[in-house]
Amino acid sequence: MAASSGGKKLLPEPSKGTSAASAHSSILRKSSSEKPVTEATGSGSKSSRNEDLHSVLVTSVLNLERLDLDLYSNEHSNRCTFTGTHHWVPRSRMLFGGQIVGQALVAAAMSVSENIYAHSLHCYFVRAGDPKVPVLYQVDRIRDGKSFSVRSVKAIQHGNPILICQSSFQRKMESPIHHQFTMPVVPSPNELLTQEELIQKYLRDPALTEKYKVGLTKLLAEEVPIEIKPINPPEYYRRVALESKQHFWVRARGYIGEGNMKLHCCVAAYISDYSFLRTALLPHFQYKVKFMASLDHSMWFHAPFRSDEWMLYECESPWAGSCRGLVQGRLWKQDGVLAVSCAQEGVFYVKPSAAESKL
Ligand SMILES: CCCCCC(=O)SCCNC(=O)CCNC(=O)[C@H](O)C(C)(C)COP(=O)(O)OP(=O)(O)OC[C@H]1O[C@@H](n2cnc3c(N)ncnc32)[C@H](O)[C@@H]1OP(=O)(O)O
């Protein structure tokens, strides 16, 4: 059922030739006359992905319903239209932060013109999101300048803000000043196992304790709409202090296609919060988390990318203390281009964990 409001269809019923992805990205275009932004993605390559399996991130999770000017709801996308269940919710039972950030950026993007692109966002998670009720997104048009436009979005549940998100958009500009770090040298995605394949491998270990078997089986059952290929994943049973760094290949599950760069930024916002904060916990194996949540989340979009193609997520935590931890991340395209930078601080309340082996 297409999202509609007051008779105006925001997401035209995908006709035979219209994929849900491009139909969805049309709501991020100001007028139907404009072509989907393809050069902005910088990758003319046709994806090798199965184009029939549209990413649920685009067809549902990030597909908001317009209630009024600058007011949106995720009501119809809050429930997965295919299974009728709620979208993936972390075991913390709070709404996943990446979902709220991604949806807030969709709302902001729908209020700016077609020819400007998200270049940064900064947000605070001020209350835990309730997965059982819809989220309203209220957009405030702070300023439209000659080259930059700024939006403030409030995500609201039960009459209170759960997230406040400022985002900025810039019209395409060339500049002689350009530099970037060099992408880390790591194995390519096709040399690695997916997170699911790794868990299956661990579950085949006859020495695995029942408790750990249950935990891994639960993890396997989670329908996270992201594919992940960890690089040098720690042996699951090793209880040693690890460096506060991790690398993994990541992409949206399913096909998105060239689509619209704004759409890929919204999907990257979702992706960037997955498994990010845990980077700060890697050195502290001797503690068990009692409570953990993201406090804020910032992103800078540097270059066009495809969120449904493998990108290397380089994550590191330079500092933790006072019940908080800081994590920084860089999303690299396979051609070595630095596409996105991210940063986040989280709160951790921990207690010493019983020294038990996982075997
Ligand atoms: C696991 C995957 C995580 C992925 C990252 C995410 O997406 S997390 C989703 C995105 N982030 C969020 O939703 C966070 C939203 N923001 C908030 O919820 C809130 O602003 C906040 C909890 C961070 C801060 O609020 P407050 O200052 O009121 O809360 P406070 O920090 O004092 O307490 C929070 C909870 O921790 C408990 N708590 C407080 N101090 C504690 C301590 N020393 N030792 C143990 N537990 C403690 C409290 O009882 C409370 O649990 P009770 O509440 O039971 O009393």
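Everything numeric in this text was worked out from a predicted model, so none of it was measured.

## Section: the site of the ligand
Then comes step 1: Residues in close proximity to the ligand total 16 residues, the closest being Gly97, Phe125, Val126, Ser294 and Tyr349.
Then comes step 2: A distance of 3.2 Å separates a nitrogen atom of the ligand from a polar atom in the backbone of Phe125.
Then comes step 3: Contact distances for the ligand include 3.1 Å between an oxygen atom and a backbone N or O atom of Val126.
Then comes step 4: Across the complex, the protein chains shield 55% of the 1,100 Å² of accessible surface that the ligand would expose by itself.
Then comes step 5: Of the residues contributing to the shell around the ligand, the split by class is eleven nonpolar, two polar and three charged.
Then comes step 6: Residue contributions to the shell around the ligand reach at least three from each of two domains, namely domain 1 (56-171) and domain 2 (195-352).

## Brief notes about a nonpolar patch on the surface
Then comes step 1: A contiguous nonpolar patch, built from Tyr124, Val126 and Ile164 and spanning about 270 Å² of accessible area, is present on the exposed surface.
Then comes step 2: Of note, Ile164 is situated in strand β8 (residues 160-171).

## Points about the UniProt feature "domain: Acyl-CoA thioesterase-like N-terminal HotDog" (unreviewed entry) in the chain
Then comes step 1: UniProt's entry tags residues 87-169 with the feature "domain: Acyl-CoA thioesterase-like N-terminal HotDog" (unreviewed entry), counted in the numbering of this structure.
Then comes step 2: Helix and strand shares over residues 87-169 are 16% and 47% respectively, and the end C-alpha atoms of the span are 28 Å apart.

## Considerations on the nonpolar core
Then comes step 1: By size, the foremost hydrophobic cluster in this structure holds 66 residues, and its most contacted members are Tyr137, Leu163, Phe301 and Phe305.
Then comes step 2: For this core, the two domains that each supply at least three residues are domain 1 (56-171) and domain 2 (195-352).
Then comes step 3: Every residue in contact with Phe301, bar those within four places of it in the chain, is listed here: Leu105, Ala118, His119, Ser120, Leu121, Cys265, Ala268, Ala339 and Val340.
Then comes step 4: Counting eight residues, the second largest nonpolar core, distinct from the first, contains Leu192, Ile231, Trp310 and Leu312.

## Brief notes about the environment of Ala118
Then comes step 1: When you line up the elements, Ala118 lands in strand β5 (residues 116-125).
Then comes step 2: For Ala118, a relative accessible area of 8% translates into the label buried.
Then comes step 3: Along the sequence, Ala118 and Met261 sit 143 residues apart, while their C-alpha atoms lie 8.4 Å from each other.
Then comes step 4: Excluding residues within four positions of it along the chain, Ala118 makes contact with Leu105, Ser168, Phe169, Cys265 and Phe301.

Conventions and cut-offs
Residues numbered from 1 in each chain as written. Predicted model: local features only at pLDDT ≥ 70, side-chain atom pairs only at ≥ 80, totals over all residues. Heavy atoms only, no water. Near = heavy atom within 4 Å. Polar contact = N/O pair within 3.5 Å; in protein donor to acceptor, adjacent residues only side chain to side chain. Areas by Shrake-Rupley, 256 points an atom, 1.4 Å probe, with all protein chains shown as cover. Nonpolar A, V, L, I, M, F, W, Y, C, P; charged D, E, K, R; others polar. Domains from an automatic or database assignment. Patch = residues over 30% accessible without salt bridge, like charges linked within 9 Å, V, L, I, M, F, W, Y side chains within 5 Å. Salt bridge = Lys/Arg side-chain N within 4 Å of Asp/Glu carboxyl O. Helix = DSSP H or I, 4+ residues; strand = E, 2+ residues; numbered from the N terminus. UniProt positions renumbered as here; feature names shortened; annotations may be inferred. Core = buried A, V, L, I, M, F, W, Y, C linked by side-chain atoms within 4.5 Å. Buried < 20%, exposed > 50% of the residue type's maximum accessible area, 1.4 Å probe, protein only. Contact = heavy atoms within 4.5 Å.

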